[in-house]
Amino acid sequence: MTVYVAWGQPEAEIVKGRLESEGIPVVLRYESIGLVYGFTVNGLGKVEVKVPAAFASVAKELLADEQPLT
């Protein structure tokens, strides 16, 4: 399940690290062209932070307690 949408790989990696530090498995889903060229328009820079459904509520709760990254 998608628990966070980042606008760029660096932000997504920070969120991924935060969740993994709590033992939550994470997968990042993104369009490769956005990563290669650094585009952040029209959804090309969008990175979905996904976790297994069993961890979704805990992940969302952890991220809600964090300061905004942007």
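Just above sits the structure.
1. Side note on the overall build of the chain
Thought 1: Across its full length, the chain carries 3 helices and 3 strands.
Thought 2: Secondary structure elements of the chain, listed N to C terminal, follow the sequence β-α-β-α-β-α.
Thought 3: Across the 70 residues of the chain, 30% fall into the buried class.
Thought 4: Contacts in the chain between residues at least 24 apart in sequence constitute 66% of all its contacts with a sequence separation of at least 6.

2. A word on the pairing of strand β3 (residues 46–50)
Thought 1: Sheet topology note: the strand β1 (residues 2–7)/β3 ladder contains 5 bridges and is antiparallel. Residue pairing in the sheet places V5 in a bridge with E48 of β3.
Thought 2: Direction of pairing for strand β2 (residues 27–30) relative to β3: antiparallel, over a ladder of 4 bridges. The partner of L28 across the bridge, within β3, is V49.

3. So, the packing of helix α1 (residues 9–20) against helix α3 (residues 56–64)
Thought 1: Interhelical geometry of α1 versus α3 gives an angle of 115° and a closest axis separation of 10 Å. Regarding α1 and α3, the two cross each other, and that crossing is right-handed. Counting all contacts with α1, which are made through V15, R18 and L19, the residues of α3 involved are A59, L62 and L63.
Thought 2: Along the lines of polarity and charge, the residues of the contact of α1 with α3 split into 5 nonpolar, no polar and 1 charged.

4. Concerning the side chain of E48
Thought 1: Its place among the elements puts E48 in strand β3.
Thought 2: Of note is the side chain of E48, whose polar atom sits 3.5 Å from the side chain of T2.
Thought 3: Once you skip the residues sitting within four places of it in the chain, E48 turns out to touch T2, Y4, V27, L28 and R29.

5. A few points about the sheet that holds β1
Thought 1: Taken in spatial order, the 3 strands of this open sheet run β1-β3-β2, and their pairing is antiparallel. Of all the strands in the sheet, the pair left with one neighbour each is β1 and β2. Sheet twist, expressed as the mean angle between neighbouring strand axes with direction ignored, is 25°.
Thought 2: The sheet contacts of α1 involve β1, β2 and β3, and relative to β1 the element is tilted by about 150°.

Quick notes on the rules
Residues numbered from 1 in each chain as written. Predicted model: local features only at pLDDT ≥ 70, side-chain atom pairs only at ≥ 80, totals over all residues. Heavy atoms only, no water. Helix = DSSP H or I, 4+ residues; strand = E, 2+ residues; numbered from the N terminus. Buried < 20%, exposed > 50% of the residue type's maximum accessible area, 1.4 Å probe, protein only. Contact = heavy atoms within 4.5 Å. Pairing = 2+ DSSP bridges. Axes fitted to C-alpha atoms, helices over the stretch in contact; angles between N-to-C directions. Left-handed = near helix turned anticlockwise from the far one by under 90°. Nonpolar A, V, L, I, M, F, W, Y, C, P; charged D, E, K, R; others polar. Polar contact = N/O pair within 3.5 Å; in protein donor to acceptor, adjacent residues only side chain to side chain.

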